[in-house]
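One letter stands for each residue in the lines below.
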Amino acid sequence: QFLNKNIAPIVRLSLTTFRRYFLFLGIIILFLDIYFNYRFFDPQFGGLDNLIIFFSLNLIFYNIIPEKFEYERDFTFLFSFIILLIFVIPTVIFSSFSDLSSTNPHESYLVRFLLSIPLEKSLNILGFESISLNNNLHYIDSDGNLAMVSVARGCSGLYSVVIFISAFFSYSLINYSKFDSNLFLFLLLGLLISYFANLFRMMLIVIVGIYYGHDALLFAHSNLGWIIFSCWMLLFWEFLLRFNPNNS
């Protein structure tokens, strides 16, 4: 039944109804984040804090932004809210009930199953000798030396998936009156592309390390991700607009 709901009108009505409380709610969230950081945690702000502050600023400035920028304002607000809902809050809850000093065996297994092993197989198919052991990828560089790179959760593409899902649902909630089966298929397609784009990124990073050494590998690791992510996101949105243009 969810697929048949008129989503966009409900979202617009909800934003109109509750926007009067946004300023106060944003100030409260911003204050609590700063207070808890200085009172209980490391006073230096991390990635989760930046996302919380981003959401609180969207709340604070929502009613100040001119109505001619209504589309951009609502998209940014929903984007920050969905990231908070599907990533920040679950991460905070999980961190509160787990030992961050130890490695989660289930998480390690997922990283190995979804990334380390496929990365090893892909490189071997391309002719680059490699083997994955305990999420450490060992490979032979162009000089014949044995080298290693650690495949951690940060390499899994989780963050790009979170950004994609948040952007996709923000766009859909504003533009489409119904979340139908076509949109669901586009969501699955986007998730699939996200996975293979991240695998392709890791392959390129290791290949750079094979030919140009560890320093070049680190440089590629820092810069290839956002380039590949931006390219496939642009192509995906062009594909979505071209083949599913029936927005609300």
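Here's a quick rundown of the structure. (Residues numbered from 1 in each chain as written. Predicted model: local features only at pLDDT ≥ 70, side-chain atom pairs only at ≥ 80, totals over all residues. Heavy atoms only, no water.)

Here we take up the sheet that holds strand S1 (residues 130-133). Here we have three strands laid out as an open sheet, ordered S1-S2-S3, and antiparallel in their pairing. Here the strands that pair on one side only, and so sit at the sheet edges, are S1 and strand S3 (146-150). With strand direction ignored, the average angle separating the axes of adjacent strands in the sheet is 25°. Sheet topology places strand S2 (residues 136-140) next to S3; five bridges connect them, and they run antiparallel. Bridge assignment links Leu-137 to a residue of S3, and that residue is Val-149. Most of the contacts of helix H7 (residues 181-212) go to S2, to which it runs at about 40°, and overall it touches S2 and S3. (Pairing = 2+ DSSP bridges. Helix = DSSP H or I, 4+ residues; strand = E, 2+ residues; numbered from the N terminus. Axes fitted to C-alpha atoms, helices over the stretch in contact; angles between N-to-C directions. Contact = heavy atoms within 4.5 Å.)

This paragraph deals with the packing of helix H6 (residues 158-175) against H7. Orientation of H6 relative to H7, taken along the N-to-C sense of each, is 160°, at an axis distance of 10 Å. Compared by their axis directions, H6 and H7 come out roughly antiparallel. In this structure, H6 crosses over H7, and the sense of that crossing is right-handed. Between H6 and H7, the contacting residues are Ser-160, Val-161, Phe-164, Ile-165, Phe-168, Phe-169 and Ser-172 on the first element and Leu-183, Phe-186, Leu-187, Gly-190, Leu-191 and Ser-194 on the second. Here the contact of H6 with H7 is composed, by residue class, of nine nonpolar, four polar and no charged. (Parallel < 35°, antiparallel > 145°, perpendicular 65-115°, else oblique. Left-handed = near helix turned anticlockwise from the far one by under 90°. Nonpolar A, V, L, I, M, F, W, Y, C, P; charged D, E, K, R; others polar.)

Taken together, the side chains of Ile-28, Phe-31, Leu-32, Tyr-35, Phe-36 and Phe-40 make up a nonpolar region of the molecular surface, amounting to roughly 600 Å² of accessible area. Assignment of secondary structure puts Phe-40 in helix H2 (residues 22-40). (Patch = residues over 30% accessible without salt bridge, like charges linked within 9 Å, V, L, I, M, F, W, Y side chains within 5 Å. Areas by Shrake-Rupley, 256 points an atom, 1.4 Å probe, with all protein chains shown as cover. Salt bridge = Lys/Arg side-chain N within 4 Å of Asp/Glu carboxyl O.)

This structure, assessed with the given rule, holds five salt bridges. In this structure, Arg-73 and Glu-67 form a salt bridge, with 3.1 Å as the shortest nitrogen-oxygen distance. A relative accessible area of 45% means that Glu-67 is categorised as partly exposed. In this structure, the salt-bridge partner of Glu-238 is Arg-242, at a minimum N-O distance of 2.8 Å. With Glu-238 and Arg-242 both in helix H8 (residues 214-243) and four residues apart, the pair spans about one turn of that helix. Judged by its relative accessible area of 39%, Glu-238 is partly exposed. Taken together, the salt bridges that share partners define one network made up of Arg-19, Glu-67, Arg-73 and Asp-74. (Buried < 20%, exposed > 50% of the residue type's maximum accessible area, 1.4 Å probe, protein only.)

Bringing the nonpolar core into the picture now. Ranked by internal contacts, the top residues of the largest apolar core, which has 36 residues, are Phe-77, Phe-164, Phe-168, Phe-236, Trp-237 and Leu-240. Beyond its immediate sequence surroundings of up to four residues, Phe-77 is in contact with Leu-15, Phe-22, Phe-55, Asn-58, Leu-59 and Tyr-62. One finds Val-151, Ile-205, Ile-207 and Leu-217 within the second-largest nonpolar core, a separate group that totals 20 residues. (Core = buried A, V, L, I, M, F, W, Y, C linked by side-chain atoms within 4.5 Å.)

This structure, assessed with the given rule, holds 26 aromatic pairs. Judged by centre distance (5.9 Å) and plane angle (65°), the rings of Tyr-171 and Tyr-176 are edge-to-face. Pair check on accessibility: Tyr-171 and Tyr-176 agree, each one buried. Aromatic pair Tyr-171 and Trp-237: ring centres 5.8 Å apart, planes at 80°, arrangement edge-to-face. Of this pair, Tyr-171 sits in helix H6 while Trp-237 sits in helix H8, and the two are 66 residues apart along the sequence. Classification of Trp-237 by relative accessible area gives buried; the value is 16%. Through pairs of rings, three or more aromatic residues link up here, namely Phe-164, Phe-168, Phe-169, Tyr-171, Tyr-176, Phe-186, Phe-229, Trp-232, Phe-236, Trp-237 and Phe-239. (Phe/Tyr/Trp six-rings, centres within 6.5 Å; stacked < 30°, edge-to-face > 60°.)

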